[in-house]
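This is what each chain is made of:
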Amino acid sequence: MSLLGSIVSKILHPFGGGDAQAKPADAPATTGSDAPAPTGTATGGSVPAGSVDVEEVLNGMAAKNGQTLNWRTSIVDLMKLLDLDSSLTARKQLADELHYTGDKDDSASMNVWLHKQVIKKLEENGGKVPADLKD
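Residues numbered from 1 in each chain as written. Predicted model: local features only at pLDDT ≥ 70, side-chain atom pairs only at ≥ 80, totals over all residues. Heavy atoms only, no water.

**Q** Describe unusual backbone geometry, and please don't skip the residues or the numbers.
**A** With a phi angle near 60 degrees, Asp-83 is a residue other than glycine that sits in the positive phi range. You can see Asp-83 is positioned in the loop between helix H3 (75-81) and helix H4 (88-97). Of note, His-99 is a non-glycine position whose phi angle comes to about 65 degrees, a positive value. By secondary structure assignment, the location of His-99 is in the loop between H4 and helix H5 (107-124). (Helix = DSSP H or I, 4+ residues; strand = E, 2+ residues; numbered from the N terminus.)

**Q** Explain the packing of aromatic side chains residue by residue, including any values.
**A** Summed over the entire model, instances satisfying the criterion amount to one aromatic pair. Centre to centre, the rings of Tyr-100 and Trp-113 are 4.8 Å apart; their planes meet at 50 degrees, and the pair counts as tilted. Of this pair, Tyr-100 sits in the loop between H4 and H5 while Trp-113 sits in helix H5, and the two are 13 residues apart along the sequence. The buried category is assigned to Tyr-100, whose relative accessible area is 14%. (Phe/Tyr/Trp six-rings, centres within 6.5 Å; stacked < 30°, edge-to-face > 60°. Buried < 20%, exposed > 50% of the residue type's maximum accessible area, 1.4 Å probe, protein only.)

**Q** Before we move on, could you go through the packing of helix H1 (residues 3-12) against helix H2 (residues 54-64) and cite the residues and values that matter?
**A** Their axes nearest at 9 Å, the elements H1 and H2 cross at an angle of 90 degrees. When the interaxial angle is binned, H1 and H2 end up roughly perpendicular. Contacts between H1 and H2 involve Lys-10, Ile-11 and Leu-12 on the former and, on the latter, Val-54, Val-57, Leu-58 and Met-61. (Axes fitted to C-alpha atoms, helices over the stretch in contact; angles between N-to-C directions. Parallel < 35°, antiparallel > 145°, perpendicular 65-115°, else oblique. Contact = heavy atoms within 4.5 Å.)

**Q** Run through the environment of Ser-74, naming residues and quoting values.
**A** With respect to the helices and strands, Ser-74 occurs in the loop between H2 and H3. Sequence-wise, Ser-74 and Val-112 are 38 residues apart; in three dimensions their C-alpha atoms are separated by 7.4 Å. In terms of polar contacts, Ser-74 uses its side chain to reach the backbone amide nitrogen of Asp-77, at 3.0 Å. (Polar contact = N/O pair within 3.5 Å; in protein donor to acceptor, adjacent residues only side chain to side chain.)

**Q** An account of H5 is needed here, citing residue identities and associated values.
**A** If you check H5, its first and last C-alpha atoms are 25 Å apart, about what 18 residues at 1.5 Å a residue would give, namely 26 Å. Looking at H5, one finds that the buried residues are Met-110, Asn-111, Leu-114, His-115, Gln-117, Val-118, Ile-119, Lys-121 and Leu-122. Contacts from the buried residues of H5 go to H1, H2, H3, H4 and strand E2 (127-128). One or two residues past the end of H5 sits Gly-126, with phi positive at roughly 110 degrees. (Expected span 1.5 Å × (residues − 1).)

Below is the structure:
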């Protein structure tokens, strides 16, 4: 599963609902029986737009986490909260998945862009995202 697919799945299906091989709506097409998910869902399931409160899910995860993580602005902290690899290598992989065209050696700019794109993808895939996270 792609990193973006893992992020979307862990937030929009925190209790294991949906396909374990979830792909974001704009994941590259594949051949055979591994067809891409329909637009608007990460899993090919029927997640109505805005039905999963992203803020509520992440705040709940943060409350149970022993670390103080600023998931609202930091892609590194968001990935840590989701128990995903947040290394520079992993973030560069995520940048490739999301078609980042900037300088990946400028990690600060890349991280800001990644966070915005992940929030956008969560909303596109059925998440209800508060207005202050869309800026």
